Amino acid sequence: MSRVSATERFDVIILGSGAGGGTMAHALAATGARILLVERGEAVPREAENWDPASVWRDLRYRTRETWVDQAGAGFLPYTHYCVGGNTKFWGSVLIRLRREDFGVLRHVDGESPAWPIDYDTLAPYYDRAEVLYGVRGEAGADPTEPPRGPFPHAPVPHAPMMQAIVNDLRAQGLRPFHLPIGVLEPGADGGCVLCNTCNSFPCRLGAKSDAEVCAVIPATAFPNVTLWTGALARRLLTNPAGTRVEAVEIERAGAVVRVEAPTIVVACGAVNSAALLLRSATDRHPRGLANSSDLVGRRYMAHLATMMQGFHPFRRNDTMFQKTVALNDFYFEGPDTPFPLGHVQSQGRTHGIMAKAVGDTIIPGIPLSAYDAWVARGVDWLAMSEDLPHPENRVTLAPDGRIRLEYQPNNLRAHDLLVTETTRMLKRLGFWKVMRHSHKAKNTTHQCGTCCFGTDPAVSVLDPFCRTHDVENLFVVDASFFPSSAAVNPGLTIIAQALRVADHIRATAL
Ligand SMILES: Cc1cc2nc3c(=O)[nH]c(=O)nc-3n(C[C@H](O)[C@H](O)[C@H](O)COP(=O)(O)OP(=O)(O)OC[C@H]3O[C@@H](n4cnc5c(N)ncnc54)[C@H](O)[C@@H]3O)c2cc1C
């Protein structure tokens, strides 16, 4: 690899263009500051394969080919994507706030969910802005656990007839289903979202899903002061001799290594890669990794306990296209038979036969695709999700060959088992004959968070409440890394809201 002697200079360098980094670029674009947004992947092309389950699920066309290593030393393909917009290109776009109580200590059956250094009221105005920026659709007042809020920027996506019938039946069971808050752009309008059955886990061929590329990166790069480098991998952060400031980032791009300098550096590579980048940037002054005097960089990795569930009825065909409109938080803080939190339930995008076969072949190989097609045509899909509690030994480190090593043992399993049991009962009461379940278990990296937790005490946190590292004065980490606890709802809106909050802080203090 040749070394380029020229050093480039900007006012702010942002590493990673996903929920955190893309949003940060958007929030700073209008300041006129010279911003470099560095993304290791390329833009996902708009092409027929975007909506082809075989390309996405069998051929894994858009996933990274990079392998990570687990605690046993075995390599595995993480469920993650390197591209402009990051994992938001593939998300289900469920954009939901944490509950007010998630910001405090919550006792779980298997341990304690720790408090955040900020409360809900601090983040609420940024949640408002995040919902506007990402065009969130929902209905205030229906979720029994909802924190105080005003109306959503957009009315909810209406339930398809079958989902409306299910909502009615759930209400008859005494439950309180509500419209799942989601970000889709102008459904039904010309050029808008067509409410198809290839949304969650697929990129949108129309650019009508609220992802970070569409909502943040494209508008940000319309500003002449914002430069986007794709295919550009941040290798290391380089500090001054005292180790108090990052002076430059070493970036591998187009077969060369470039040194880029800026007075403000924002790392937003995702919770696993951000931790890995700090660990790779160790120096004499930071021997355990950059900004790691607490020894917490990479530790406390969390990923949610998640089980895909499908209610199956042999004589009930499900012709719903857009199924992801229903949510339940009735068991969020306690279950029917336990005073402890169990988690959140939401309807999922449609499972396609090829998706089911991709998973099924790992359990019983050889079942023909036609059987899976017939099965999923009669199923309604759900996701049961419980809080993953932080544990210092669940951690990201670097393997001797430089690969990412992810050690992870799920915890809070009793709460999740109870949630799955309760959801199974609920689906059986809805008349489904059989309830199928599948969990990606420890290899599910989609909701990764917590690897550089924020807090007020440098001894027990990596970042301060504005996501600046305690140890390095001009270094921020603005992605899912900062979560002290994972809560039990999807993380994206909280990452976006905090990125907007940190952007305000950077604007006021550094630009
Ligand atoms: C299939 C799927 C469905 C999901 N559904 C939902 C959902 O409905 N709602 C929700 O809230 N969340 C959902 N998530 C999770 C959500 O996508 C993530 O929580 C969110 O994208 C994390 O944001 P981030 O900024 O931390 O990282 P990312 O969005 O992953 O962005 C990190 C970026 O950094 C880049 N990068 C990494 N390393 C480097 C490097 N060294 N140099 C340069 N660039 C680098 C990556 O390529 C990537 O673009 C889903 C995820 C998946 C995979």
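Residues numbered from 1 in each chain as written. Predicted model: local features only at pLDDT ≥ 70, side-chain atom pairs only at ≥ 80, totals over all residues. Heavy atoms only, no water.

### Here we look at the overall build of the protein
At step 1: When helices and strands are tallied, the protein shows 10 helices and 23 strands.
At step 2: What you see for the protein is a C-alpha radius of gyration of 22 Å, in line with the 24 Å of a compact globule of 511 residues.
At step 3: Each of the three principal axes of the protein carries a C-alpha extent, and together these read 70 × 50 × 45 Å.
At step 4: Going through the 511 residues of the protein one by one, you find that 59% of them count as buried.
At step 5: In the protein, the share of contacts with a sequence separation of at least 24, taken over all contacts with a separation of at least 6, comes to 72%.
At step 6: Carbon together with sulfur atoms contributes 54% to the accessible area of the protein, which is approximately 19100 Å² in total.
At step 7: If you average the places of the 51 positive and of the 52 negative side-chain charges in the protein, the two averages end up 3 Å apart. (Helix = DSSP H or I, 4+ residues; strand = E, 2+ residues; numbered from the N terminus. Rg over C-alpha atoms; globule rule 2.2 N^0.38 Å. Buried < 20%, exposed > 50% of the residue type's maximum accessible area, 1.4 Å probe, protein only. Contact = heavy atoms within 4.5 Å. Areas by Shrake-Rupley, 256 points an atom, 1.4 Å probe, with all protein chains shown as cover. Lys, Arg positive; Asp, Glu negative; His and termini not counted. Charge placed at Lys NZ, Arg CZ, Asp CG, Glu CD.)

### So, the nonpolar core
At step 1: Core analysis: the largest hydrophobic core is formed by 112 residues, its most contacted members being Leu 15, Met 24, Tyr 134, Leu 237 and Leu 475.
At step 2: Take this core: its biggest share by element is 9 residues, from helix 10 (residues 492-509).
At step 3: If you look at the next biggest cluster of nonpolar residues, it comprises 23 residues, including Leu 170, Ala 384, Val 420 and Met 426. (Core = buried A, V, L, I, M, F, W, Y, C linked by side-chain atoms within 4.5 Å.)

### Considerations on the packing of aromatic side chains
At step 1: Overall, the coordinates contain 17 aromatic pairs when judged by the stated rule.
At step 2: Ring plane angle 85° and centroid distance 5.5 Å describe the contact between Tyr 301 and Tyr 408, whose orientation is recorded as edge-to-face. Of this pair, Tyr 301 sits in the loop between helix 6 (271-280) and strand 16 (305-312) while Tyr 408 is found in the loop between strand 21 (404-407) and helix 9 (413-429), placing the two residues 107 residues apart along the sequence. Across the pair, Tyr 408 and Tyr 301 agree in class, each one buried.
At step 3: Here Arg 63 stacks its cationic end above the ring of Trp 57, 5.5 Å away from the centre of that ring. (Phe/Tyr/Trp six-rings, centres within 6.5 Å; stacked < 30°, edge-to-face > 60°. Lys NZ or Arg CZ within 6 Å of the ring centre and 35° of its normal.)

### A few points about the pattern of salt bridges
At step 1: Counting across every chain of the model gives 31 salt bridges.
At step 2: For Asp 128, the salt bridge goes to Arg 97, with nearest N and O atoms at 2.7 Å. Of the two residues, Asp 128 sits in helix 3 (residues 120-133) while Arg 97 sits in the loop between strand 5 (75-76) and strand 6 (106-108), which places them 31 residues apart along the sequence.
At step 3: Given a relative accessible area of 3%, Arg 97 falls into the buried group.
At step 4: A single salt-bridge network, built from bridges that share partners, covers Arg 97, Asp 128, Glu 131 and Arg 149. (Salt bridge = Lys/Arg side-chain N within 4 Å of Asp/Glu carboxyl O.)

### Regarding the sheet that holds strand 2 (residues 12-15)
At step 1: Reading across the sheet, the 5 strands line up as 11-3-2-15-23 and stay open at both edges, with parallel pairing between neighbours. Whereas interior strands pair on both sides, the edge strands pair on one side only; in this sheet they are strand 11 (226-229) and strand 23 (475-477). Strand-to-strand twist in this sheet, taken as the mean axis angle between neighbours without regard to direction, amounts to 15°.
At step 2: Taken together, the 4 bridges between strand 2 and strand 3 (residues 35-38) define a ladder with parallel strand orientation. The partner of Val 12 across the bridge, within strand 3, is Ile 35. (Pairing = 2+ DSSP bridges. Axes fitted to C-alpha atoms, helices over the stretch in contact; angles between N-to-C directions.)

### Describing the site of the ligand
At step 1: Neighbouring residues of the ligand: 37 residues in total, closest Gly 20, Glu 39, Asn 87, Val 94 and Gly 492.
At step 2: Note that an oxygen atom of the ligand is positioned 3.4 Å from one of the backbone N or O atoms of Gly 86.
At step 3: Taking Ala 268, its main chain carries an N or O atom lying 3.5 Å from an oxygen atom of the ligand.
At step 4: Alone, the ligand offers 1000 Å² of accessible surface; in the complex the protein occludes 96% of this.
At step 5: Looking at the shell around the ligand, the elements that each hand over two or more residues are helix 1 (19-29), strand 12 (232-239) and helix 10.
At step 6: Top contributing element to the shell around the ligand by residue count: strand 12, with 3 residues. (Near = heavy atom within 4 Å. Polar contact = N/O pair within 3.5 Å; in protein donor to acceptor, adjacent residues only side chain to side chain.)

### A few points about the layout of surface pockets
At step 1: Of the voids in this model, the second largest pocket is the one considered here, and its volume is about 430 Å³.
At step 2: The wall of the second largest pocket is formed by 13 residues, among which Trp 57, Arg 63, Val 359, Thr 362 and His 440 lie closest to the centre.
At step 3: Residue composition of the lining of the second largest pocket, by class: 7 nonpolar, 4 polar and 2 charged. (1 Å grid on protein atoms, 1.4 Å probe; cavity = no way out; pocket = protein on both sides within 12 Å on 5 of 7 lines; lining within 4 Å. Points joined across faces, edges and corners; volume = space filled by probe spheres on them. Nonpolar A, V, L, I, M, F, W, Y, C, P; charged D, E, K, R; others polar.)

### Structural notes on the sheet that holds strand 21
At step 1: Spatially, 4 strands are ordered 5-4-21-20 in an open sheet, and the strand pairing comes out mixed. Each edge of the open sheet is held by one strand with a lone partner, namely strand 5 and strand 20 (395-398).
At step 2: Bridge analysis of strand 20 against strand 21 gives 4 bridges, and the strand direction is antiparallel. Note that in strand 21 the partner of Val 396 across the bridge is Leu 406.
At step 3: Across the sheet, helix 6 lies against strand 4 (68-70), strand 20 and strand 21, angled at about 40° from strand 20, the strand it touches most.

### Here's the deal with helix 1
At step 1: Across the 11 residues of helix 1, 10 count as buried, placing the element largely inside the fold.
At step 2: Taken together, the buried positions of helix 1 are occupied by Ala 19, Gly 20, Gly 21, Gly 22, Thr 23, Met 24, Ala 25, Ala 27, Leu 28 and Ala 29.

### Brief notes about helix 9
At step 1: The first and last C-alpha atoms of helix 9 sit 24 Å apart over 17 residues, in line with the 24 Å expected at 1.5 Å per residue.
At step 2: Within the sequence span of helix 9, burial applies to Ala 415, His 416, Leu 419, Val 420, Glu 422, Thr 423, Thr 424, Met 426 and Leu 427.
At step 3: Buried-residue contacts for helix 9 involve helix 4 (161-172), strand 16, strand 17 (326-328), strand 18 (344-347), strand 19 (379-386) and strand 22 (434-438).
At step 4: Gly 431, located one to two residues past helix 9, shows a positive phi value of around 100°. (Expected span 1.5 Å × (residues − 1).)

### Digging into the packing of helix 1 against helix 10
At step 1: Viewed as axis vectors pointing N to C, helix 1 and helix 10 meet at an angle of 40°, and their least axial separation amounts to 8 Å. Comparing the axis directions of helix 1 and helix 10 gives the class oblique. Crossing handedness for the pair helix 1 and helix 10: right-handed. On helix 10, the residues that touch Ala 19, Gly 20, Thr 23, Met 24, Ala 27 and Leu 28 of helix 1 are Ile 495, Ile 496, Ala 499, Leu 500, Val 502, Ala 503, Ile 506 and Arg 507.
At step 2: Considered class by class, the residues forming the contact of helix 1 with helix 10 number 11 nonpolar, 2 polar and 1 charged. (Parallel < 35°, antiparallel > 145°, perpendicular 65-115°, else oblique. Left-handed = near helix turned anticlockwise from the far one by under 90°.)

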